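So the chains spell out like this:
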Amino acid sequence: MTDLTGRHGLIVGVANKRSIAWAIARAAAQGGARLALTFQGERLESNVRELAEELSDPIVLPLDVSSDQQIADVAAACDREFGGLDFVVHGAAFAPREEITRPFLETSREGFRVALDVSAYSLIALARATAPLMERRGGGSLLTLTYLGSERVFPNYNVMGVAKAALEATVRYLASELGPVNVRVNAISAGPIKTLAASGIGGFSGILQVYRERAPLRRNTEAAEVADMAAFLLGSGGRGITGDVLMVDGGYHVVGL
Ligand SMILES: NC(=O)c1ccc[n+]([C@@H]2O[C@H](COP(=O)([O-])OP(=O)(O)OC[C@H]3O[C@@H](n4cnc5c(N)ncnc54)[C@H](O)[C@@H]3O)[C@@H](O)[C@H]2O)c1
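How each quantity is defined
- Residue positions within a chain follow its written sequence, with the count starting from 1.
- Totals for whole chains, interfaces and linings use all residues, but because this is a predicted model, local features are given only for residues with pLDDT of at least 70 and pairs of side-chain atoms are given and counted only at 80 or more.
- Water and hydrogen atoms play no part in the side-chain values, which are based on all heavy atoms of the structure.
- Between 30 and 60 degrees the pair is tilted, below 30 it is stacked and above 60 it is edge-to-face, where a pair is any two Phe, Tyr or Trp rings, Trp via its six-membered ring, whose centres lie within 6.5 Å.
- Burial classes: relative accessible area under 20% of the type maximum marks a residue as buried, over 50% as exposed, and values in between as partly exposed (1.4 Å probe, protein chains only).
- Helix and strand definitions follow DSSP, with helices as H or I runs of at least four residues and strands as E runs of at least two, each counted in order from the N terminus.
- Residues belong to one nonpolar core when they are buried, are Ala, Val, Leu, Ile, Met, Phe, Trp, Tyr or Cys, and are joined through side-chain atoms within 4.5 Å.
- Contacts are assigned to residue pairs with any non-hydrogen atoms lying within 4.5 Å of each other.

Engineer: Where do I start with the packing of aromatic side chains in this structure?
Structural biologist: Here a ring pair, both rings aromatic, is described through the centre-centre distance and the interplanar angle of the planes. In the structure shown here, the tally under the stated rule is three aromatic pairs. Taking 5.1 Å as the distance between ring centres and 50° as the angle between the ring planes, the aromatic pair formed by Tyr 147 and Phe 154 counts as tilted. By the burial criterion, Tyr 147 is buried, and Phe 154 matches it. For the ring pair Tyr 211 and Tyr 252, a centre distance of 3.8 Å and an interplane angle of 20° mean the geometry is stacked. You can see Tyr 211 sitting in helix α6 (residues 204–214) and its partner Tyr 252 sitting in the segment after β7 (245–248), a full 41 residues away along the chain. Side by side, Tyr 211 and Tyr 252 carry an identical accessibility label, which is buried. Grouping aromatic residues by their ring pairs yields a cluster made of Tyr 147, Phe 154 and Tyr 157.

Engineer: Explain the nonpolar core here, please?
Structural biologist: In globular proteins that are soluble, nonpolar side chains generally tend to be buried together. Among the nonpolar cores identified, the biggest contains 53 residues, and Leu 10, Cys 78, Leu 85 and Leu 142 are the most heavily contacted of them. Ranked by residue count, the leading element in this core is helix α4 (residues 109–136), at 12 residues. If we skip the residues at most four places from it in the chain, Leu 85 touches His 8, Gly 9, Leu 10, Cys 78, Thr 130, Leu 133, Met 134, Arg 137 and Gly 139. By size, the runner-up hydrophobic cluster in this structure holds 36 residues, among which are Ala 33, Val 48, Leu 233 and Leu 234.

See below:
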């Protein structure tokens, strides 16, 4: 297990117990980290507060990543409570329902804007607000979550694939600028996992089945597997890794046929 004793982290993207961000929060807490969790809107607040009860001395804050003000408020609260940050997990993504049900050619200008804003631009905004808190600690680790739909076509993934391509490029540009202050920026590309966000993708259970049949490990990815890789990247084991997209998908991405 990665030792994160004495570290402080911000985890964005917990909606419920199936959220990949929640699996990462648990792994980080087991490693000894103290955490701030955020919830998007009142609808999810009670879920997140209930989950946070499992953690030791957490702080729970509202955050809609499309609001610069809320991002600034979260950074200020982490600064006040923790006196800095050692790591940040970005697990927020969204595309309007129409954009992942109708043909890609029908992608609307507004749907494109919202998907790219929430799923990709938000990493830049979050990095800008939190990098100074990590820099003060002598460095840190910023981690986001992506999917192979950034480089290959999956049915109905549509504008989310474009958003993930932008997110992965964002990881590289941020890594380049923040490396000199020892802030590392990486993404984990997870295999498909049944979560709230995934349930919006039409035909998702068919995608899970294809992975089970064709991935070298012949099974679906578990959130705990992603969380273990996340803990590694957040901790000292990942100290030499930045700008990277690490695949945790049972090896599916290497298969041709
Ligand atoms: N589940 C999968 O198969 C899979 C595979 C690869 C990557 N991912 C990525 O993992 C990340 C987490 O997704 P998940 O599958 O755990 O689903 P999830 O639904 O549990 O998490 C998505 C989170 O994004 C948050 N979010 C959406 N819009 C937001 C906004 N405006 N402000 C703040 N938060 C917002 C939601 O509240 C939710 O907590 C996403 O980036 C997703 O694309 C998921």
